[in-house]
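Each chain, letter by letter, is given below.
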Amino acid sequence: MDDHLISPADSRGSPERDQQAAGVGILLQIMMLVLSFVLGHVLRRHKFYYLPEASASLLIGLVVGGLANISNTETSIRQWFNFHDEFFFLFLLPPIIFQSGFVLSPKPFFSNFGAIVTFSILGTFIASIVTGVLVYLGGVTLLMYRLPFVECMMFGALISSTDPVTVLAIFQELGTDVNLYALVFGESVLNDAVAISLYRSMSVVNGHASSGQSIFMFIFRFLETFVGSLSSGVGVGFISALLFKYAGLDIDNLQNLECCLFVLFPYFSYMLAEGLGLSGIVSILFTGIVMKHYTYSNLSEKSQQFVSAFFHLISSLAETFIFIYMGLDIVMEQHSWSHVGFIFFSIIFIGLARAANVFSCGYLVNLARPLHRKIPMKHQKALWYRLRGAMAFALALQSLHDLPEGHGQTIFTATTAIVVLTVLLIGGSTGTMLEALDVVGDSHDVDGFDRNNGYMVTSQDEEEPSGNRLKMRLKEFQRSTPSFTALDRNYLTPFFTSQSADDEDDDLRPSSGSEGYPNNRK
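Residues numbered from 1 in each chain as written. Predicted model: local features only at pLDDT ≥ 70, side-chain atom pairs only at ≥ 80, totals over all residues. Heavy atoms only, no water.

Draft legend 1. View of the overall build of the protein chain. Counting secondary structure elements, the protein chain contains 21 helices and zero strands. Classification of the 522 residues of the protein chain by burial places 53% in the buried group. Here the contacts in the protein chain between residues at least 6 apart in sequence split such that 82% fall between residues at least 24 apart. If you sum the accessible surface of the protein chain, you get close to 22900 Å²; carbon and sulfur atoms cover 64% of it. (Helix = DSSP H or I, 4+ residues; strand = E, 2+ residues; numbered from the N terminus. Buried < 20%, exposed > 50% of the residue type's maximum accessible area, 1.4 Å probe, protein only. Contact = heavy atoms within 4.5 Å. Areas by Shrake-Rupley, 256 points an atom, 1.4 Å probe, with all protein chains shown as cover.)

Right, dumping it as structure tokens:
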């Protein structure tokens with residue numbers, strides 16, 4: 001029996017040995033997935049919020065990775081445990097991002113669209129810049145390991161990416177205000193896309209650091225990546241809507257073809273953007289939003305049920321596998337723990353940068369909102385309390401290839417420590433935080449939304465003083481946003497779907513137990 005054990009000495013042996021190693025590695029991953037799902041179910045059933053599903057999956061990966069590190073089989077199965085950023089970005093991340101856009105409920109999301117865009121785009125930009133500048137100043141003042149300025153900005157961009165999975169699961173379990181849920185969900189979805197665009201733009205600038213036009217190159221590259229990716233994603237979504245509207249596939253004997261085509265379009269959008277040198281994440285996100293709003297209504301009823309269940313299934317598998325995968329790689333990768341000060345001060349700087357993001361953007365949003373629609377301080381504090389997850393880890397892993405060896409290793413080690421600490425500590429204390437802020441059990445009722453801007457208009461809008469010029473202009477911009485709703489109802493929906501405006505109103509009205517908002521995440 002011992003002759004069949006896999007050891008480092010014969011890890012490069014015959015194809016039979018390699019196949020055996022592959023089988024062992026894949027078997028262990030399947031076992032960890034099963035254990036993670038069962039453990040997550042037990043934790044949810046007993047309402048034990050101190051160890052969320054993502055934290056449990058991460059711990060399982062850490063334990064198994066530690067055991068593999070000290071066992072004789074570690075070398076031969078390491079290739080199946082390593083976190084490959086290509087595998088993450090090409091196979092694991094796309095279904096998660098598409099599902100995030102696909103399950104967005106239109107009314108809460110678009111009624112808070114201005115705030116979500118402000119937090120996710122302007123806020124992420126602020127957080128990235130503040131983090132990068134503080135890390136650079138910390139290096140200059142010898143508080144921490146010194147990195148070049150552009151590399152500090154790259155670190156600021158990747159560490160500004162927040163993870164929504166754990167927090168949103170707890171939000172949904174405990175029951176929070178529908179607007180807070182929409183803000184957290186929408187900001188999380190767009191935040192990842194913006195963080196990736198910022199990181200890649202900074203990476204391009206880092207390759208041309210000697211040029212005096214770096215700042216212009218960064219702005220141009222960011223706008224090119226984000227706007228181009230958004231356009232390609234929306235375009236693919238619109239094309240899919242027209243195809244399913246006029247192809248006549250919504251009949252019983254073509255259901256298989258209908259579902260196959262629908263599943264292929266998101267990946268087509270992702271690979272199209274990647275092939276054009278854009279961001280596939282941004283593209284597939286907006287493809288998901290457009291396909292849910294337009295294409296989905298052109299499917300037959302059975303196909304709608306199938307694609308909804310299918311994308312929820314694969315996104316759940318991918319999310320769980322990512323945290324297991326991440327835990328394995330954290331233990332098995334080489335780290336540089338010689339710069340503990342870099343990790344310690346980075347955590348402090350990240351908290352300060354997140355505060356600058358949330359509270360400055362919250363102030364701007366509240367300037368444009370009437371009194372009864374302002375974001376309360378307790379909701380802003382809940383927005384601040386966020387963890388870092390797989391996206392930051394994957395970008396840090398990518399930085400090992402983008403930066404010199406010592407610098408990339410330092411950023412990767414710091415990011416690893418921050419991810420583990422925030423997933424375990426912040427993820428485990430989110431429920432306590434929500435209770436302390438007194439936002440648990442707030443109403444999920446969306447009847448207060450109207451078809452113009454998402455809320456019932458009251459006399460407070462007219463009675464509130466106009467304030468300064470900036471405030472007046474923000475209010476004028478806020479009042480102009482409902483025009484998109486009118487454009488959608490009167491032109492886009494009739495053109496891209498076969499349903500009427502009245503049908504759309506019915507579809508936007510969530511029902512209990514359906515995919516309606518906010519019961520659309522695990």
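Once the structure has been displayed, the description carries forward.
Draft legend 2. Main features of helix 9 (residues 178-207). Compared with the 44 Å implied by 1.5 Å per residue over 30 residues, the 44 Å span of helix 9 between its first and last C-alpha is a close match. Counting buried positions over the 30 residues of helix 9 gives 26, a clear majority of the element. (Expected span 1.5 Å × (residues − 1).)

Draft legend 3. Highlighting the packing of aromatic side chains. With the rule as written, the count across this model stands at 29 aromatic pairs. Their ring planes at 85° and their centres at 5.8 Å tell us that Phe-87 and Tyr-325 sit as a pair that is edge-to-face. Within this pair, whereas Phe-87 is found in helix 4 (residues 85-102), its partner Tyr-325 is found in helix 13 (residues 301-332), the two being separated by 238 residues in sequence. Taken together, the ring pairs in this structure connect Phe-98, Phe-102, Phe-244, Phe-262, Phe-265, Tyr-296, Phe-306, Phe-310 and Phe-311 into an aromatic cluster. In this structure, Lys-292 is placed above the aromatic ring of Phe-102, and the distance from its NZ or CZ to the ring centre is 5.1 Å. It is Lys-292 that lies over the ring of Tyr-296; its NZ or CZ is 5.3 Å from the centre. (Phe/Tyr/Trp six-rings, centres within 6.5 Å; stacked < 30°, edge-to-face > 60°. Lys NZ or Arg CZ within 6 Å of the ring centre and 35° of its normal.)

Draft legend 4. Structural view of the pattern of salt bridges. This structure, assessed with the given rule, holds five salt bridges. Note that Glu-187 is salt-bridged to Arg-354, the shortest N-O span being 3.1 Å. Residue Glu-187 is located in helix 9, and its partner Arg-354 is located in helix 14 (residues 340-368); the two are separated by 167 residues in the primary sequence. Each member of the pair Glu-187 and Arg-354 is classed as buried. Where Glu-224 meets Arg-221, a salt bridge forms, and the shortest distance between an N and an O atom there is 3.2 Å. Pair noted here: Glu-224 and Arg-221 are both in helix 10 (residues 214-246), with a separation of three residues, about one helical turn. Judged by relative accessible area, which is 35%, Glu-224 ranks as partly exposed. When salt bridges that share partners are traced, they join Glu-187, Arg-354 and Arg-386 into one network. (Salt bridge = Lys/Arg side-chain N within 4 Å of Asp/Glu carboxyl O.)

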